[in-house]
Amino acid sequence: MKTIRLKPGKERSLQRRHPWVFDGAIAKGGGDPGETVRVDSAEGEFLAWGACSPNSKIRVRAWSFDQGQRIDAAFFRDALRRAIALRERMGIASNGLRLVHGESDGLPGLVVDRYGDTLVAQFGAAGVERWKDVIADALLELTGCPRLYERSDASARGLEGLPEVTGWLRGDGPTAFELEEHGWRLGLDIAQGHKTGYYLDQRDSRLALHDYAKRLKFAQVLNCFSYTGGFSVAALAGGAGHVTSIDSSGPALEQARENLKLNGLDLSRAAFLDADVNASLRQFVAEGRQFDAIVLDPPKLAPTAAHAERAARAYKDINRLAFKLLPPGGVLFTFSCSGGIGVELFHKIVASAASDADVDGAILQRLGGACDHPMTTAFPEGEYLKGLVVMKKL
Ligand code: SAH
């Protein structure tokens, strides 16, 4: 077994069970991609077993902080069993859910989503890549699903020095799927869609928008970065009068239109704009348009803290423009899925955008990722998705 020795004073993070060891913390030692290594403090005290990733700045991702733990097929089977059992307890109102959420489930780099009886997995780090076959077999056995599609095409693979891989890893079948969420039907494709096919993490926020639409009777809703229109379906199903969906992807908007039809929603209550959100918001401000509710769910603008400053300006700008489009009593549903922007910083950005737009905002609610995307006390980076519901005061 190879051992990695940390520099003096660098042991605290692992002692607090944070699973990452950065290259700068290492005094000596290494391993092959995905190889299990032992990590010791500068004094030679055991800290963790982990997977080495020689090409990544995150040089080791910890599997276990228990010296007696063997990292073998049984270890992975047990971790997967516990992750799946946790979701079973949650009683999630959907046939699509996240079964494994990487570091938060003790399996750094692994994401597994279940769509009906099809599993979709992302192997995003050298460790889970090395154990791929063991993980795939255990997943089929534990879930009873006959097929697993691999979507190892997230950008993180590049940082790990791993090539992109997509395709059936076990079994095969159709890649089109109809998600049933809160009683709505949402078409997606696990091979073509974003992430593993859909933004399952926004499930609770879609329901929140639906409920606000019902209570506040929004006449005009603007759904920015709409993708395939999940929030648009939610708003219309909640009784919103009209929804404008903006996205820069034509195919996503096509699917959004399909999704409205699937739910029997009246297309005359919908408009779809294949456009840049920033430009559209500016144009709406210039035209003096107003919307009773606006959803801002942009893509990840700051993947890490290093991008935070530039991203903060971009977030502030779209939020400022959105605030200008709200009438008194209008509500902004604003999100950030950037791991590099913490909850407090996001709150500050939105507050400063409101102030620049001369809006006094009442924060009605804080939103976050759905419960199958858990955060843990040891891994604050797991809290990547945060949202605020802000009403412009009357
Ligand atoms: N709200 C969606 C997910 C949004 S993902 C849901 O709940 O399903 C982000 C979306 O923003 C993607 O569909 C992407 O095509 C779109 N996008 C990225 N940059 C954009 C821009 N500048 N203008 C418009 N759309 C953009």
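Because the structure is a prediction, the values reported are computed rather than measured.

Calculation notes
Residues numbered from 1 in each chain as written. Predicted model: local features only at pLDDT ≥ 70, side-chain atom pairs only at ≥ 80, totals over all residues. Heavy atoms only, no water. Helix = DSSP H or I, 4+ residues; strand = E, 2+ residues; numbered from the N terminus. Rg over C-alpha atoms; globule rule 2.2 N^0.38 Å. Buried < 20%, exposed > 50% of the residue type's maximum accessible area, 1.4 Å probe, protein only. Contact = heavy atoms within 4.5 Å. Lys, Arg positive; Asp, Glu negative; His and termini not counted. Charge placed at Lys NZ, Arg CZ, Asp CG, Glu CD. Pairing = 2+ DSSP bridges. Axes fitted to C-alpha atoms, helices over the stretch in contact; angles between N-to-C directions. Near = heavy atom within 4 Å. Polar contact = N/O pair within 3.5 Å; in protein donor to acceptor, adjacent residues only side chain to side chain. Areas by Shrake-Rupley, 256 points an atom, 1.4 Å probe, with all protein chains shown as cover. Nonpolar A, V, L, I, M, F, W, Y, C, P; charged D, E, K, R; others polar. Expected span 1.5 Å × (residues − 1). Phe/Tyr/Trp six-rings, centres within 6.5 Å; stacked < 30°, edge-to-face > 60°. Lys NZ or Arg CZ within 6 Å of the ring centre and 35° of its normal. Core = buried A, V, L, I, M, F, W, Y, C linked by side-chain atoms within 4.5 Å.

### Re the overall build of the protein chain
- Tallying secondary structure elements over the protein chain gives 11 helices and 20 strands in all.
- Computed over C-alpha atoms, the radius of gyration of the protein chain comes to 22 Å, within 12% of the 21 Å expected from 2.2 N^0.38 for 394 residues, which places it in the range of a compact globule.
- Taking the principal axes of the C-alpha coordinates as reference, the protein chain spans close to 65 × 45 × 35 Å.
- Split into buried and exposed, the 394 residues of the protein chain put 53% on the buried side.
- Restricting the contact set of the protein chain to residue pairs at least 6 apart, pairs at least 24 apart contribute 64%.
- Of the side-chain charges in the protein chain, 49 are positive and 49 negative, and the distance between the mean point of each set is 4 Å.

### Looking at the side chain of Asp105
- Within the secondary structure, Asp105 is located in the loop between strand E7 (96–101) and strand E8 (110–115).
- For Asp105, a relative accessible area of 13% puts it in the buried group.
- The contact partners of Asp105, leaving out residues within four places of it in the chain, are Ala83, Leu86, Arg87, Leu99, Val100 and Pro374.

### A short note on the sheet that holds E7
- Within the open sheet, the five strands sit side by side as E7-E8-E9-E10-E11. Their pairing is mixed. On the outer flanks of this sheet lie E7 and strand E11 (165–170), each paired with one strand and no other. In this sheet, adjacent strand axes meet at a mean angle of 20° when their direction is disregarded.
- In this fold helix H2 (residues 73–90) packs onto E7 and E8, with an angle of close to 145° to the strand it touches most, E7.
- Each of E7, E8, strand E9 (118–123), strand E10 (147–152) and E11 is contacted by helix H4 (residues 132–143), which is oriented at about 50° to E11, the strand it contacts most.

### Describing the sheet that holds strand E1 (residues 2–6)
- Read from one edge to the other, the open sheet built from six strands follows the order E2-E6-E5-E4-E1-E3, with strand pairing classed as mixed. Each edge of the open sheet is held by one strand with a lone partner, namely strand E2 (20–22) and strand E3 (26–28). When strand polarity is set aside, the average angle formed by the axes of neighbouring strands in this sheet is 40°.
- Bridge count between strand E5 (residues 46–52) and strand E6 (residues 58–64): four bridges; the pairing is antiparallel. Residue pairing across strands places Ala51 opposite Arg61, the latter belonging to E6.

### Quick look at the site of the ligand
- The local shell around the ligand holds 16 residues, among which Asp247, Ser248, Asp276, Val277 and Asp297 are the closest.
- Ser248 places a polar main-chain atom, nitrogen or oxygen, 3.0 Å from a nitrogen atom of the ligand.
- Val277 has a polar backbone atom sitting 2.9 Å from a nitrogen atom of the ligand.
- Out of a free accessible area of 590 Å², the ligand has 88% covered by protein chains.
- When grouped by side-chain class, the residues that make up the shell around the ligand number seven nonpolar, five polar and four charged.

### Points about H4
- With 12 residues, H4 extends 16 Å between its outermost C-alpha atoms, agreeing within 8% with the 16 Å of an ideal straight helix rising 1.5 Å per residue.
- Regarding H4, the residues found buried are Lys132, Ile135, Ala136, Ala138, Leu139, Leu140 and Thr143.
- Phi for Gly144, located one or two positions after H4, is positive at around 75°.

### A few points about the packing of aromatic side chains
- Tallying each qualifying case throughout the model produces 16 aromatic pairs.
- Ring geometry for Trp63 and Phe76: centres 4.9 Å apart, planes at 85°, overall edge-to-face. With Trp63 in strand E6 and Phe76 in helix H2, this pair connects stretches of sequence that are 13 residues apart. No difference in accessibility class separates Trp63 from Phe76, as the two residues are buried.
- Members of the aromatic cluster, joined through ring pairs, are Trp63, Phe75, Phe76 and Trp131.
- The positively charged end of Lys132 is found above the aromatic ring belonging to Phe123, 5.1 Å away from the centroid.
- Sitting over the face of the ring of Phe284, Arg289 holds its NZ or CZ atom 4.6 Å from the ring centroid.

### A word on the nonpolar core
- Among the nonpolar cores identified, the biggest contains 41 residues, and Tyr115, Leu179, Tyr198, Phe218 and Phe333 are the most heavily contacted of them.
- Broken down by element, this core gets its largest block of residues, five residues, from helix H7 (residues 230–237).
- Setting aside its immediate chain neighbours within four residues, Phe218 contacts Leu209, Tyr212, Ala213, Gly239, Ala240, Gly241, Asp292, Ala293, Val331 and Phe333.
- Counting 32 residues, the second-largest nonpolar core is a separate cluster that includes Leu222, Ala302, Leu332 and Leu388.

### Considerations on the pairing of E5
- Of all the seven residues making up E5, seven are buried; the element is thus mostly covered by neighbouring parts of the structure.
- Relative to E5, strand E4 (residues 36–40) runs antiparallel, the two sharing five bridges. Across the sheet, the residue bridging to Arg38 is Trp49, located in E5.
- Connecting E4 to the next strand, E5, in antiparallel fashion are five residues, including Gly44 with a positive phi near 90°.
- Where E5 hands over to E6, the hairpin turn is made up of five residues, counted between the paired strands.

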